[in-house]
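Fold and contact review
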Amino acid sequence: MYRYDDFDRQLVAERTTQFRDQVARRLSGELTEDQFKPLRLMNGVYLQLHAYMLRIAVPYGTMNGNQMRMLGHIARTYDKGYGHFTTRQNIQFNWPKLNEIPDALEDLATVEMHAIQTSGNCIRNTTTDQYAGAAADEIEDPRPYCELIRQWSTFHPEFTYLPRKFKIAVTGSPNDRAAVRVHDIGLRMHKNDAGETGFEVIVGGGLGRTPFVGKTVRDFIGKNDLFSYLEAILRVYNRFGRRDNKYKARIKILVHEVGVEEISRLVEEEWAKIKDGSLRVSDDEIAQYIAQFAPPAFEELRDNDPEFERRKQAHPDFAAWVRSNVIAHKQPGYAIANISLKPIGGIPGDATAEQMELVGDLADQYSFGDVRVTHEQNLVLPHVKKAELFALWAELKNAGLATANLGFVTDIIACPGLDYCALATARSIPLSQRISERFGDLDRQYDIGELKIKISGCINACGHHHVGHIGILGLDKRGKEFYQITLGGDASQDASIGKIAGAGFSEAEVVDAIEALITRYIDIRNVGERFIDTYRRVGMDPFKEVLYGDR
Amino acid sequence: MAIVKNDSVIENDWVALDDEALVPESGANVLVSLARFKAERDALIARNGGLGVLLVPGDAPEDLADDIDRFSLIAVKFPSYTDGRGYSYGRVLREHYGYQGELRAVGDVLRDQILNMHRCGFDAYELADEADVALEKVRAALREMTVYYQPTGDGRVTAGSLRERRRAALELGGS
Amino acid sequence: MSLQVVTANRLDDGLAVFMTADEGWSTDIRQAICAGDAEQAEALLARANTQKQQITVVGPYLIDVANEDGVLVPIKYREILRTLGPSVRPDLGYQAG
Ligand code: HEM
Ligand code: SF4
């Protein structure tokens, strides 16, 4: 795991002092709200319906046990005892006081955390595969590159006032768990014909009110050239992205309007001027970062642990959790354990201070102090000995953290919606809770199989509804909450944007509508087909029929 | 209004010309729009007196490339501090074309953006404040941060290169 | 036109507040000063938007309210939530008492 050195620490300390001063200048009236707003946003401070909101960065979703415990401390000291993990692998607190936020940031700085790059029209926190460094299917660990991107993009002096926010995601595995095709820049690691590892560069994906799957501007960029290439893209975007209309300001619109060929031409032209400059990263330097993310001290184990097998036999609950939440590790005898933050009927992504502290402890005890946040709003202990899974599970279960539903219908992504968010047009959390309760029975969930439901409380699409197998968008229809259903979205390597099924549903109707869709899928699926596969085979009509009949 | 450059407040000895205004024969330093520069290039570079160009967002700094050494002032307008195009113009002028003259940020220039401007090659800032306030703001802004991750043309040493040096020193020491 | 009151978030702690007759701010909408017509509403908003108010509150705006048996209640669900707290956490916000 990357550890800060004195430079990183100094930078965060200076930033904390700077923001304390900015807050003081705002409170004294020296700064107007208009002048202060972008400054607070650049430190993760939003104003929501009920209070301020503080978004804390978890760069590429990786934390150590201390950091996780610190989040618990923040929840307890500066908030109301809980926090909300987001689809961008960050965490949000809903009740901090502006005059206390500088103290919270100072506490965070003691464990190398901050709120940098969590808001504003800058390059945001980079996201990646939550199983990086552990997944059996990865080409290479993406985190060294994410860390290099973090440094390059932190307070980039040229790119702090971009036309709009800018999100970069990286996957090191062919099975894309980072949704790279729906980011402003997606980087997909692969090998070229010469056998070198590099990145496919995908630009202009995004969700929000005009969703796009990104387009490839370059099939392969070598590791040494990655940063100059990113800088070239950003310079083109900073200069030519639209600034006349904030709804058209994302790079996806620029790519759409001028065409990917033209963007590619502009980027290559700019890149030619800077590629041999100081952003070229040497093999040596890359090696330094790879070393920082060296695998932990795994023991040499046999992959199969008899005790583990016995426990599964004896405890069907445990066996179910292993089947749904535990994933193959590249190291024999180890496994990746997913901690679901989607208890049946609970609030997706919320965790209490006690849960955060416990997960921090469990990370130290069972997973080499490594814990991850997923874009699906769950947590991961990436390096657990199979022989210790049972003990881990027992502790998680005691804390209400052992729901065995990863990837199933109740593993719902939901944004905060109108319960917290000032931009919302409808609530999303209560809907996710009702769907979760309706399908709470585990056997029923397993029968339904993998199904991704994603809910956003407005067109900004923070809940990724466009890429849900079933997406739900909350709208306001003459003062009433009202929900539009999309089908066929997918955030994986086969990314696609869902299609609107038809007229929306009232809050009272929508859970029945979801159930009708699922029942239809079960009736018509072929053996082994997931919901999304069936949808792709049969199209919209059979589903429309159950929603609307002859309407 | 005050212009701060090189840790002091300077006099503005430039006349900003409207596109219609008559160009003074000689002597005075004149600041013209990019459009006017392109239209009257030959006459403007033939006259005696300093020549400056004002770039506004949307202008192409490339248009100055061939004449870059003829300018002693390039002013870049930030109509609102949230319009960040000027930062790229600064870097393009300094780093692609090697511009050596004064690069002045004008418009909505606020304390909290000055460090970024400096890192992008600006060396003069026109603030709406009184002279002493402006000077204090620029000074405060420039000393707020001391660690820099990105190499830009401003010559500041980055964290990366400091790490590199440290490693080299350690290796020397070790062998 | 319905009755209107001015709401905002308090600068230091961010909580939802409502403007009172003395140009102060209360967390209780029942204390709010109420405008009966558009002209009064504009006048109220102007009083909320002074430079002095800038160091007390953020983003004042008008909301429609109804007078239900002498108690002011917002009309839009969004604003009702602001007077209560998150519907999914009845233990939090003003509704928690
Ligand atoms: C509660 C306060 C929040 C506010 C005010 C907010 C605001 C926004 C806005 C305005 C957009 C649209 C941007 C655009 O398309 O240009 C957006 C997109 C997005 N936000 Fe949020 N958001 C909030 C919370 C969240 C949360 C909790 C998450 C994660 C659960 C999140 C993740 C995202 C994602 C993934 C997108 C869409 C991807 C994209 O195109 O950028 N946001 N948000
Ligand atoms: S999708 Fe809309 S309602 Fe949900 S968090 Fe984003 S901005 Fe708020």
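Per an unreviewed UniProt entry, chain C is named Sulfite reductase, and its organism is Thalassospira profundimaris.

The name that an unreviewed UniProt entry assigns to chain A is Sulfite reductase, with the source organism given as Thalassospira profundimaris.

Attention shifts here to the overall build of chain A. Within chain A, the regular secondary structure consists of 18 helices and 21 strands. Expected size for 551 residues packed as a compact globule is a radius of gyration near 24 Å; at 23 Å, chain A falls within 12% of this value. On the principal axes, the C-alpha backbone points of chain A span a range of 60 × 60 × 55 Å. Sequence separation of 24 or more characterises 68% of the internal contacts of chain A that already satisfy a separation of 6 or more. With the model as given, the accessible surface of chain A reaches about 19000 Å², and the carbon-plus-sulfur share is 49%. Separation between the mean location of the 68 positive side-chain charges and that of the 77 negative ones in chain A comes to 5 Å.

Burial of nonpolar side chains together is a common tendency in soluble globular proteins. Core analysis: the biggest nonpolar cluster contains 97 residues, and Leu71, Phe85, Trp321, Leu389 and Leu392 of chain A together with Leu64 and Ile74 of chain B have the highest contact counts within it. Once residues lying within four places of it in the same chain are set aside, the contact partners of Leu71 of chain A are Ile56, Met63, Phe85, Ile91, Phe93, Leu108, Met113 and Met356 of chain A. Within the second largest apolar cluster, 55 residues are counted, among which are Ile149, Ile221, Leu226 and Phe227 of chain A.

Counted as a void, the second largest pocket has a volume near 640 Å³. Lining the second largest pocket are 29 residues; nearest its centre among them are Asp176, Arg177, Glu376, Glu450 and Lys452 of chain A.

Here we come to the site of ligand 2. Neighbouring residues of ligand 2: Cys415, Pro416, Gly417, Cys421, Leu423, Ala424, Ser456, Gly457, Cys458, Asn460, Ala461 and Cys462 of chain A. Class assignment for the residues of the shell around ligand 2 results in 8 nonpolar, 4 polar and no charged.

The next subject is the environment of Glu299 of chain A. Mapped onto the elements, Glu299 of chain A comes out in the loop between helix H9 (283–292) and helix H10 (306–314). Once residues within four sequence positions are removed from consideration, Glu299 of chain A is found in contact with Gln331, Tyr334 and Lys385 of chain A.

Moving on, we get to empty space enclosed by the protein. Within this structure, the stated rule accounts for 7 cavities of 30 Å³ or more. Counted as a void, the largest cavity has a volume near 410 Å³. In terms of lining residues, the largest cavity is bounded by 30 residues, among which Arg15, Gln18, Phe155 and Thr160 of chain A together with Asn116 of chain B are the most central. Looking at which element gives the most residues to the lining of the largest cavity, the answer is helix H4 (residues 111–119) of chain B, with 5 residues. Tallied by class, the residues present in the lining of the largest cavity amount to 15 nonpolar, 10 polar and 5 charged. Here the second largest cavity is characterised by a volume of approximately 190 Å³.

This part covers the site of ligand 1. All names here are of chain A. In the vicinity of ligand 1, 23 residues are found, and the nearest of them are Thr87, Lys165, Lys167, Arg250 and Cys462. In the environment of ligand 1, an oxygen atom lies 3.4 Å from a nitrogen or oxygen atom belonging to the side chain of Arg164. Here a nitrogen atom of ligand 1 sits 3.3 Å away from a polar atom, N or O, in the side chain of Lys165.

Moving on to the packing of aromatic side chains. The way to describe two aromatic rings as a pair is by their centre distance and the angle between their planes. Under the criterion given, the structure shown has 25 aromatic pairs over all chains. The interplanar angle of 90 degrees and the centroid separation of 5.0 Å between the aromatic rings of Phe318 of chain A and Phe390 of chain A together place this pair among those described as edge-to-face. Taken together, the residues Phe318 of chain A in helix H11 (residues 316–325) and Phe390 of chain A in helix H13 (residues 389–398) connect sequence positions 72 residues apart. Among the aromatic residues, ring-to-ring pairing joins Tyr161 of chain A together with Phe78, Tyr81, Tyr87 and Phe122 of chain B into one connected group. One cation-aromatic arrangement involves Lys80 of chain A over Trp95 of chain A; the distance from NZ or CZ to the ring centre is 4.3 Å. One residue, Arg209 of chain A, lies across the ring of Tyr247 of chain A, its end atom 3.8 Å from the ring centre.

On the chain A side, the residues contacting the 23 residues of chain C number 29 residues. Among the residues of chain C in contact with chain A, Leu11, Arg78 and Val88 of chain C are the three that bury the most area, contributing 24% of the side total. Connecting chain C to chain A are 0 salt bridges. If you look at where chain C meets chain A, you find 10 residue pairs in polar contact (both at pLDDT 80 or more).

Once that is clear, we can look at the interface of chain B and chain A. Contact residues are listed per partner, giving 37 residues for chain B and 43 residues for chain A. Here chain B packs against chain A, burying approximately 3500 Å² in sum over the two surfaces, 50% of which is carbon and sulfur. Our count for the contact surface shared by chain B and chain A stands at 9 salt bridges. Where chain B meets chain A, there are 29 residue pairs in polar contact (both at pLDDT 80 or more). Going through the elements one at a time, helix H3 (85–96), H4 and helix H6 (159–174) of chain B are the ones with two or more residues in the side of chain B that touches chain A. Top contributing element to the side of chain B that touches chain A by residue count: H3 of chain B, with 7 residues. Its residues assigned to classes, the side of chain B that touches chain A shows 15 nonpolar, 9 polar and 13 charged.

Quick look at the confidence of the model for chain C now. Mean pLDDT over chain C: 95, with 99% of residues reaching 70 or higher. The complex model carries a pTM of 0.92, and its ipTM stands at 0.96.

All names here are of chain A. Across the sheet, which stays open at both edges, the 5 strands sit in the order E6-E7-E8-E9-E10 with mixed pairing between neighbours. Two strands lie at the open edges of the sheet, namely strand E6 (127–128) and strand E10 (215–222), each paired on one side alone. Bridge analysis of strand E9 (residues 197–203) against E10 gives 5 bridges, and the strand direction is antiparallel. Bridging across to E10, Val203 finds its partner in Lys215.

Turning our attention to the UniProt feature "domain: Nitrite/sulphite reductase 4Fe-4S" (unreviewed entry) in chain A. Residue and element names in this part refer to chain A. Under the feature "domain: Nitrite/sulphite reductase 4Fe-4S" (unreviewed entry), the UniProt entry names residues 119–273 and 409–547. With 31% helix and 18% strand, residues 119–273 has end C-alpha atoms that lie 30 Å from one another. Secondary structure content for residues 409–547 is 36% helix and 19% strand, while the C-alpha to C-alpha distance between its ends is 18 Å.

Once that is clear, we can look at the packing of helix H3 (residues 65–78) of chain A against helix H12 (residues 353–366) of chain A. Residues and elements named next belong to chain A. As a packed pair, H3 and H12 sit with axes 7 Å apart at the nearest point and diverge in direction by 170 degrees. Classified by the interaxial angle, the pair formed by H3 and H12 is roughly antiparallel. Listed contacts from H12 to Gly65, Met68, Arg69, Leu71, Gly72, His73, Ala75 and Arg76 of H3 are Ala353, Glu354, Met356, Glu357, Val359, Gly360, Asp361 and Asp364. Residue composition of the contact of H3 with H12, grouped by class: 6 nonpolar, 4 polar and 6 charged.

Looking now at the domain arrangement of chain A. Residues and elements named next belong to chain A. Along its sequence, chain A is organised into domain 1 (6–109), domain 2 (134–290), domain 3 (306–398) and domain 4 (413–548). If you average the C-alpha positions of domain 1 and of domain 4, the two centres end up 33 Å apart. Listed as interface residues are 10 residues of domain 1 and, on the opposing side, 10 residues of domain 4. Carbon and sulfur atoms make up 56% of the area that domain 1 and domain 4 hide from each other, which totals about 760 Å². The largest per-residue losses of area from domain 1 upon contact with domain 4 belong to Gln48, Leu49 and Thr87, which jointly make up 55% of the total buried on that side. Summed over the shared surface of domain 1 and domain 4, the result is 0 salt bridges. Where domain 1 packs against domain 4, one counts 4 residue pairs in polar contact (both at pLDDT 80 or more). In terms of residue class, the side of domain 1 that touches domain 4 is built from 4 nonpolar, 6 polar and no charged.

Cut-off values and rules
Residues numbered from 1 in each chain as written. Chains lettered and ligands numbered in written order. Predicted model: local features only at pLDDT ≥ 70, side-chain atom pairs only at ≥ 80, totals over all residues. Heavy atoms only, no water. Helix = DSSP H or I, 4+ residues; strand = E, 2+ residues; numbered from the N terminus. Rg over C-alpha atoms; globule rule 2.2 N^0.38 Å. Contact = heavy atoms within 4.5 Å. Areas by Shrake-Rupley, 256 points an atom, 1.4 Å probe, with all protein chains shown as cover. Lys, Arg positive; Asp, Glu negative; His and termini not counted. Charge placed at Lys NZ, Arg CZ, Asp CG, Glu CD. Core = buried A, V, L, I, M, F, W, Y, C linked by side-chain atoms within 4.5 Å. Buried < 20%, exposed > 50% of the residue type's maximum accessible area, 1.4 Å probe, protein only. 1 Å grid on protein atoms, 1.4 Å probe; cavity = no way out; pocket = protein on both sides within 12 Å on 5 of 7 lines; lining within 4 Å. Points joined across faces, edges and corners; volume = space filled by probe spheres on them. Near = heavy atom within 4 Å. Nonpolar A, V, L, I, M, F, W, Y, C, P; charged D, E, K, R; others polar. Polar contact = N/O pair within 3.5 Å; in protein donor to acceptor, adjacent residues only side chain to side chain. Phe/Tyr/Trp six-rings, centres within 6.5 Å; stacked < 30°, edge-to-face > 60°. Lys NZ or Arg CZ within 6 Å of the ring centre and 35° of its normal. Buried area = accessible area lost by both parts, 1.4 Å probe. Salt bridge = Lys/Arg side-chain N within 4 Å of Asp/Glu carboxyl O. pLDDT = per-residue confidence, 0-100. Pairing = 2+ DSSP bridges. UniProt positions renumbered as here; feature names shortened; annotations may be inferred. Axes fitted to C-alpha atoms, helices over the stretch in contact; angles between N-to-C directions. Parallel < 35°, antiparallel > 145°, perpendicular 65-115°, else oblique. Domains from an automatic or database assignment.

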